[in-house]
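Architecture at a glance
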Amino acid sequence: NGTVAERVIKSGFHGTYTIGASTDADYTTFTAAVAAMSGGIDGAVRFEVEDGQYAENIELTNIAGTSEAHNITFTSKSGNRDAVVIKGNTNTGNGGMVLIDGTSFVTLEGMSFIPTSQSYANVILVRNESRHFTLRDSYVKAEPVTSGYSGMNLVRTTSGSGDGMNNDYATIEGNTLEGGYISL
């Protein structure tokens, strides 16, 4: 007779989710939230972050499916940027405590980025054609450089050497940038 074929198709990732320690949170860490997008997204994704201190790095690398309509936003749930503090964990050598790498249409808003370790090269690093990055209404701080010509950059964007390899259309608005070696 005939053979029956069966295939399970995973739906794309989209919607509004909560990151935090409460029982209402969908994810307890940024790492878990980012892992949920590893297969790509098929609609807008919004992560509302509960008040607290988060001792972890944030790495968004090559998340497929982003566009103007299918963007990724991380925002303070309470709207108080001083109440959500990203502190980092261990310098993994990837270039930044927050790394946006090959992922476009990412917004970080209403949070504080204050690394505990001053060993990172950058607090926030945007690279590899990560277009339409937005940092809004946030606080970014590193220890000030008191001598010499090196230290941590607060927000940095790097591009490749070929045509079209830029991180075009970055928006940095309403933020406070303090200390470090170079702010932008």
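Residues numbered from 1 in each chain as written. Predicted model: local features only at pLDDT ≥ 70, side-chain atom pairs only at ≥ 80, totals over all residues. Heavy atoms only, no water.

**With respect to the overall build of the protein**
Looking only at helices and strands, the protein features one helix and 15 strands. Rg of the C-alpha trace for the protein: 18 Å, near the compact-globule value of 16 Å for 184 residues, within the 12% margin. Dimensions of the protein along its principal axes, counting C-alpha atoms only, are 80 × 45 × 30 Å. Evaluated residue by residue, the protein yields a buried proportion of 42% over its 184 residues. (Helix = DSSP H or I, 4+ residues; strand = E, 2+ residues; numbered from the N terminus. Rg over C-alpha atoms; globule rule 2.2 N^0.38 Å. Buried < 20%, exposed > 50% of the residue type's maximum accessible area, 1.4 Å probe, protein only.)

**Concerning the sheet that holds strand β8 (residues 106-109)**
Taken in spatial order, the six strands line up as β1-β2-β5-β8-β11-β14 in an open sheet, and their pairing is parallel. At either margin of the open sheet sits one strand with a lone partner, and together these are β1 (13-19) and β14 (171-173). Each adjacent strand pair in this sheet contributes to an overall mean axis angle of 10°, direction not counted. Pairing geometry for strand β2 (residues 41-49) and strand β5 (residues 72-76), over five bridges, is parallel. By the bridge assignment for β5, Arg-46 is matched with Thr-73. (Pairing = 2+ DSSP bridges. Axes fitted to C-alpha atoms, helices over the stretch in contact; angles between N-to-C directions.)

**Brief notes about the layout of surface pockets**
Reported here for the largest pocket is a volume of approximately 170 Å³. Lining the largest pocket are Glu-68, Asn-71, Thr-73, Phe-105, Val-106, Thr-107, Glu-109, His-132, Thr-134, Arg-136, Tyr-169 and Thr-171. The set of elements that each furnish at least two residues to the lining of the largest pocket consists of β8 and β11 (134-136). For the lining of the largest pocket, the element with the highest residue contribution is β8, accounting for three residues. (1 Å grid on protein atoms, 1.4 Å probe; cavity = no way out; pocket = protein on both sides within 12 Å on 5 of 7 lines; lining within 4 Å. Points joined across faces, edges and corners; volume = space filled by probe spheres on them.)

**What to know about the sheet that holds strand β12 (residues 139-142)**
The strands making up a sheet associate through hydrogen bonds between their backbones, and the pairing can be parallel or antiparallel. Reading across the sheet, the five strands line up as β3-β6-β9-β12-β15 and stay open at both edges, with parallel pairing between neighbours. The two strands at the open ends of the sheet, each matched to only one other strand, are β3 (52-54) and β15 (176-179).

**Let's talk about the side chain of Ser-112**
Secondary-structure assignment places Ser-112 in strand β9 (residues 112-113). Given the relative accessible area of 1%, Ser-112 is considered buried. Aside from chain neighbours lying at most four places away, what touches Ser-112 is Arg-81, Asp-82, Val-84, Val-85, Ile-86 and Tyr-139. (Contact = heavy atoms within 4.5 Å.)

**Remarks on unusual backbone geometry**
Unlike most non-glycine residues, His-132 shows phi in positive territory, near 60°. Position of His-132 relative to the elements: it lies in the loop between β10 (122-127) and β11. What makes His-132 partly exposed here is its relative accessible area of 27%. Positive phi, close to 50°, is recorded for Asp-137, a residue that is not glycine. Structurally, Asp-137 can be placed in the loop between β11 and β12. Assessed through its relative accessible area of 41%, Asp-137 is described here as partly exposed.

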